[in-house]
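Listed below are the residues making up each chain.
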Amino acid sequence: MKTIQQSLTQVGWKETLASLDIEADLFILFISPVFSPKKEVLNFLNKHYASATIVGCSTAGEISNVTVKDDTISLTAIQFEKTVLKKVSIKIEDMNCSFSAGQKIAKALKKDDLKHILVLSDGLNVNGAELVSGLKSNTPDVSITGGLAADGADFNKTFIVDDNEITNKTILGLGFYGNSLKVGCSSKGGWDSFGKERLVTRSDKNVLYELDGMPALKIYKSFLGEEANNLPGSGLLFPLSMRTNQHSEPVVRTILSVNEEAQSLTFAGNIPQNSYVRLMKANVDRLIDGAKDSAEAATKYLNEDSQLAILISCVGRRLVLKQLVEEEVEVVRESLGETSSITGFYSYGEIAPFGEFSPCELHNQTMTITTLSEC
């Protein structure tokens, strides 16, 4: 397995791509929504690497090595020795299609030697939790990681790269086949919970209506103070920690929108009725420690040096970390060592297991890491 990592700028992208020296089987592109010549980049790659698979999505920031950038493309070219790839993409109408889309992708990719599935999804028209449930229903023993595309902090329009197409309302699954591929993955947060834990007394999938029998939006606003005037954007700074029961591992859920009339909140993933939630707030040091913990867990999972690490971190983490954002990438580099190429993006949701023996989940506000190595 050979990898080359490049950061493409709007002015010099063609010269940078022309310097590529690799017989690539796969290109992964994490693209700023404001990168104007993105179609020209795809045309170049499809012309010069006609047999390669090209996947990617829009971002809230591009990770390239230990830098976090805007207005660029973080491009990774990969040449495999033995691993075989298969790509499947599904168009959807709205969030109600999420579970069935996951089922279809998993069914199309399922084979005896399927090693891993990388998922890149529209970030605004998909219920990520339902998507993950659909994927797991047909491939329960296969590792799955990925993320939801982003649009900066605008929540306006996201896109997926599918070979020579740039499209929205699309979910893409990339299957990796063969026993020579070693995969590690992990997802950790680092947010602090505060306030009392509350019971979800009324919800419908990813729409939360009532907590402890009271309007959910009213309770949520009471904790935010002046930040309540900036919803839904300020919701990125105050996610919810959710447990489906008193003994389950908590996952984090981020707000996508609010409904004043219904006094409800819509999240990127499901908030089941009778689950338990607590408000969360940021602690910069703990967020960076969470990224380090995720890297260490992914490395332990792989049990050897990785050749490529794909980092998917939440846009909310970037908004909190601000000028310190690269520190969470740097601690990942320290844990992984210098042999691994690093790429990634800031997302509207992360898909991964917590660790080696955990099922795949939709996460928000985490640093999710997928490590790949071929032996």
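Higher on the page you've got the structure.
Residues numbered from 1 in each chain as written. Predicted model: local features only at pLDDT ≥ 70, side-chain atom pairs only at ≥ 80, totals over all residues. Heavy atoms only, no water.

Following Leu231, the chain continues into Pro232 via a peptide bond in cis, with omega recorded as 5°. Topologically, Pro232 is positioned in the loop between helix 5 (216-224) and strand 17 (240-243). Positioned with a positive phi, Lys169 is a non-glycine residue whose angle comes to about 50°. When you line up the elements, Lys169 lands in the loop between strand 11 (165-167) and strand 12 (170-177). (Helix = DSSP H or I, 4+ residues; strand = E, 2+ residues; numbered from the N terminus.)

Once that is clear, we can look at the packing of helix 3 (residues 98-109) against helix 4 (residues 128-138). Where helix 3 contacts helix 4, the two axes come as close as 7 Å, and the packing angle between them is 35°. The hand of the helix 3/helix 4 crossing is right-handed. For the pair formed by helix 3 and helix 4, the contact residues are Ser98, Phe99, Gly102, Gln103, Ile105, Ala106 and Lys107 on the first element and Glu130, Leu131, Ser133, Gly134, Leu135, Ser137 and Asn138 on the second. For the contact of helix 3 with helix 4, the residue count by class is 5 nonpolar, 7 polar and 2 charged. (Axes fitted to C-alpha atoms, helices over the stretch in contact; angles between N-to-C directions. Left-handed = near helix turned anticlockwise from the far one by under 90°. Contact = heavy atoms within 4.5 Å. Nonpolar A, V, L, I, M, F, W, Y, C, P; charged D, E, K, R; others polar.)

By size, the foremost hydrophobic cluster in this structure holds 53 residues, and its most contacted members are Val119, Ile171, Leu311, Val332 and Ile351. Excluding its chain neighbours within four sequence positions, the residues that come into contact with Ile171 are Val88, Ser89, Ile90, Ile92, Ala101, Ile105, Val119, Leu120, Ser121, Val126 and Leu131. (Core = buried A, V, L, I, M, F, W, Y, C linked by side-chain atoms within 4.5 Å. Buried < 20%, exposed > 50% of the residue type's maximum accessible area, 1.4 Å probe, protein only.)

We now examine the pattern of salt bridges. Applying the stated criterion to the full structure yields 8 salt bridges. When the shortest N-O distance is used, the salt bridge between Lys87 and Asp162 registers 2.5 Å. A residue pair is termed long-range when its members are at least 10 positions apart, and Lys87 in strand 7 (residues 84-91) and Asp162 in strand 10 (residues 160-162) qualify at 75 residues. Residue Arg286 pairs with Asp192 through a salt bridge whose shortest N-O separation is 2.4 Å. Of this pair, Arg286 sits in helix 6 (residues 284-302) while Asp192 is found in strand 14 (residues 192-204), placing the two residues 94 residues apart along the sequence. Linked by salt bridges that have partners in common, Lys87, Asp162 and Asp163 make up one network. (Salt bridge = Lys/Arg side-chain N within 4 Å of Asp/Glu carboxyl O.)

Mapped onto the fold, Glu130 is located in helix 4. We note that Glu130 is buried and unpaired, the nearest opposite charge coming from Lys205 at a distance of 4.5 Å. Here the side chain of Glu130 touches Asn270 through a polar contact of 2.6 Å, side chain to side chain. In contact with Glu130, other than residues within four places in its own chain, are Ser98, Phe99, Lys205 and Asn270. (Lys, Arg positive; Asp, Glu negative; His and termini not counted. Polar contact = N/O pair within 3.5 Å; in protein donor to acceptor, adjacent residues only side chain to side chain.)

Take the side chain of Thr76 next. With respect to the secondary-structure elements, Thr76 resides in strand 6 (residues 73-79). For Thr76, a relative accessible area of 0% corresponds to the buried category. There is a polar contact of 3.1 Å between the side chain of Thr76 and the side chain of Gln5. Residue contacts for Thr76: discarding those within four places in its chain leaves Ile4, Gln5, Leu26, Phe27, Ile28, Leu308 and Thr343.

Moving on to the sheet that holds strand 1 (residues 2-8). Sheet strands pair by backbone hydrogen bonding; their relative direction is either parallel or antiparallel. If you walk across this open sheet you meet the 6 strands as 1-6-2-3-10-11, and the pairing is mixed. Strand pairing shows two members of the sheet lacking a second neighbour, strand 1 and strand 11, which therefore form its edges. The sheet shows a mean angle of 15° between the axes of neighbouring strands, taken without regard to direction. As judged from the 7 bridges shared by strand 1 and strand 6, these two strands associate in the antiparallel manner. Across the sheet, Ser7 pairs through a bridge with Ser74, a residue of strand 6. (Pairing = 2+ DSSP bridges.)

Within the secondary structure, Leu135 is located in helix 4. We classify Leu135 as buried; its relative accessible area is 0%. A sequence separation of 70 residues divides Leu135 from Lys205, and the C-alpha atoms of the two residues are 17 Å apart. Apart from residues lying up to four places away in sequence, Leu135 is in contact with Gly102, Gln103, Ile105, Ala106, Val119 and Ile144.

What follows concerns the state of the cysteines. On inspection of all chains with the given rule, the structure shows 0 disulfides. With no disulfide of its own, Cys375 lies closest to Cys185 among cysteine sulfurs, the gap being 16 Å. Its relative accessible area of 49% is what places Cys375 among the partly exposed residues. (Disulfide = S-S within 2.5 Å.)

What follows covers the packing of aromatic side chains. Enumeration according to the criterion identifies 6 aromatic pairs in this entry. Pairing Phe80 with Phe176 gives two aromatic rings, centres 6.1 Å apart and planes at 75°, and the pair type is edge-to-face. Residue Phe80 is found in the loop between strand 6 and strand 7, and its partner Phe176 is found in strand 12; the two are separated by 96 residues along the sequence. In this structure Phe80 comes out as buried when scored by relative accessible area, which is 9%. One residue, Arg202, lies across the ring of Tyr209, its end atom 4.2 Å from the ring centre. We note Arg318 situated over the ring of Tyr346; from NZ or CZ to the ring centre the distance is 5.9 Å. (Phe/Tyr/Trp six-rings, centres within 6.5 Å; stacked < 30°, edge-to-face > 60°. Lys NZ or Arg CZ within 6 Å of the ring centre and 35° of its normal.)

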